[in-house]
Every structure is written in structure tokens, then in C-alpha cells.
Amino acid sequence: MKIHIITIFPESFQSYLDSSIIWKAREKGLLDISLYKLNDFSTKNFKHVDDKAFWTHWQVISPEPLGKAINHIFEKVWKKIPVVYMTPSWKLLNQKKVETFSKKLNEFIIICGHYEWIDQRIIDLYVNYEISIWKYVLTSWELASMVFIDSIARFIPNVLWNPLSLEEESFSKKLSGKKEFPHYTRPRVFEWLEVPNVLTSWNHKEIDDWKSNNLK
Ligand SMILES: C[S@@+](CC[C@H](N)C(=O)[O-])C[C@H]1O[C@@H](n2cnc3c(N)ncnc32)[C@H](O)[C@@H]1O
């Protein structure tokens, strides 16, 4: 999977991209992420990329640098690729959509703006998918993008060390769309709470029954 991220704050992605499973996926060449600094596409003084909105006092990201950055990526990859825009809206993300997106989006652009909004004409002209990660408002466009990237990246074959993790986890078919059962490790007693006896019994049938009965 190839993801092109347009942002004013490329540095805010770095520790996330350089850690854990996402870092390993990049190392193995399964996930390729390119960051583009939006200000590099500005022709204004001091590389400004925003302006005052016509109808309010809010600052809005101007269409020109975003349009330029998107077209730069289209030219670089020799084709038009889907453009994703994270936004608080009713187009809510869920596990089913995550799975579909992970298959559908082989290579795509994700736009991160700043301030309150980007110029609507960029959405009208270029955006293919508007996605909300849930019904609340974040300050960081980058954070919303990372949540989306993280959710779809784990479906890329071989990104997860154990493919069974995808089969038997919350929302999966195998668990009838329910939340996964609780897990325990050593010690057997912590504070006053004991690991359920059945889990240390080695009785697979009883353990399977316990797992099914403890889905939520
Ligand atoms: C401060 S918010 C802008 C909120 C916008 N003024 C509104 O009223 O809907 C800045 C950006 O963070 C991202 N963001 C915030 N909450 C989000 C959510 N729930 N899902 C997806 N993206 C979100 C979006 O890119 C959003 O444009």
C-alpha cells in the first residue's frame, strides 16, 4: 500500500511511522508512506497556505497550494489516485469499512489541513472519500489521518505477525461481530483477583465455551 500525505506538520507523523508494527511494515516494503509539506507548494510570502474565509473570521486553507500538491502527486505517480479527506461528518468509519478500504485503496492521497477547514472547492474537485473517525472533533488533522492509516494497514497481508489476529478479534465474523473475550497472564492472582480456573485447565472444549460466553 502506498500513501501520500499532504500536511503542514510532516514531523507529527514521524514517531508514529518509526514505531512498532507500522515501522516493521515500512521496513518490509509492505507500506510506503511519502510526506509532502504543504507550504512547499505555496507561492505566497513566507510560504503561507491560508487566508480569511469570506463569511467568517476563520482562517481557511487556500485551494491553490492544495491543488498544486495533489497535482504534483498525480504527475509523480503518472495517474490520478483516490484522495481521502478526514472530517467530522456522518460518514463514520467502522471495522467493515476499514476492511473494504484496505482492499480498495492500494495507493491514495490523504489531505491534512490546518485551522478549521480547507476551501470547499478542493473537496468538490478532488476528494473521493470523506471519512470521519467518530462523532467528536479533534484539533489535529494528522491524528485523524493516523487513526485511518493504522486501521487499514493492519489488513495488508503479512503486516501482522500472526494473521489469525485478524480472524479472531473484536468485530470479526468468527466472533459474530462481538467484542473479543478478556485475556489473562501470570501471576494467577493479582491483588485479590484470580485468573478464571477454566483458563488454566487445558480443557479446550471448556476454554472455547468460556471464550464464547465472554464475548460482548
Ligand atoms: C478542528 S477540526 C475542524 C472542525 C470543523 N470546523 C467542523 O466544525 O467540522 C480540524 C480537522 O481535524 C480533522 N478531524 C477532527 N475531528 C475528526 C473526526 N472525528 N474524524 C475525522 N477527522 C477529524 C478533520 O480533518 C478536521 O477538518
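The structure under discussion appears in the preceding block.
Residues numbered from 1 in each chain as written. Predicted model: local features only at pLDDT ≥ 70, side-chain atom pairs only at ≥ 80, totals over all residues. Heavy atoms only, no water.

## Focus: the nonpolar core
- Counting residues in each nonpolar core, the largest one holds 54 residues, and the members touching the most others are Ile3, Leu31, Phe108, Ile111, Ile118 and Phe148.
- No other element matches the seven residues that helix H6 (residues 141–153) contributes to this core.
- Within the second largest apolar cluster, six residues are counted, among which are Leu175, Val198, Ile207 and Leu215. (Core = buried A, V, L, I, M, F, W, Y, C linked by side-chain atoms within 4.5 Å. Buried < 20%, exposed > 50% of the residue type's maximum accessible area, 1.4 Å probe, protein only. Helix = DSSP H or I, 4+ residues; strand = E, 2+ residues; numbered from the N terminus.)

## With respect to the environment of Ser19
- Residue placement: Ser19 occurs in the loop between helix H1 (11–17) and helix H2 (20–27).
- Accessibility expressed as a relative area gives 34% for Ser19, which makes it partly exposed.
- Along the sequence, Ser19 and Pro82 sit 63 residues apart, while their C-alpha atoms lie 26 Å from each other.

## Details of the sheet that holds strand E3 (residues 50–52)
- What the three strands build is an open sheet, ordered E3-E4-E7; its pairing is mixed. Every interior strand has two partners, whereas the edge strands, E3 and strand E7 (117–118), have only one.
- Summarising the sheet, E3 and strand E4 (residues 59–61) pair through three bridges and their orientation is antiparallel. Its bridge partner lying in E4, Asp51 is registered against Val60. (Pairing = 2+ DSSP bridges.)

## Digging into the environment of Gln120
- With respect to the element layout, Gln120 can be found in helix H5 (residues 120–126).
- What makes Gln120 partly exposed here is its relative accessible area of 38%.

## Details of the site of the ligand
- Neighbouring residues of the ligand: 18 residues in total, closest Met86, Glu116, Ile133, Trp134 and Tyr136.
- Between Met86 and the ligand, the recorded distance is 2.6 Å, taken from a backbone N or O atom to an oxygen atom.
- At 2.9 Å, a backbone N or O of Leu138 approaches a nitrogen atom of the ligand.
- Alone, the ligand offers 580 Å² of accessible surface; in the complex the protein occludes 87% of this. (Near = heavy atom within 4 Å. Polar contact = N/O pair within 3.5 Å; in protein donor to acceptor, adjacent residues only side chain to side chain. Areas by Shrake-Rupley, 256 points an atom, 1.4 Å probe, with all protein chains shown as cover.)

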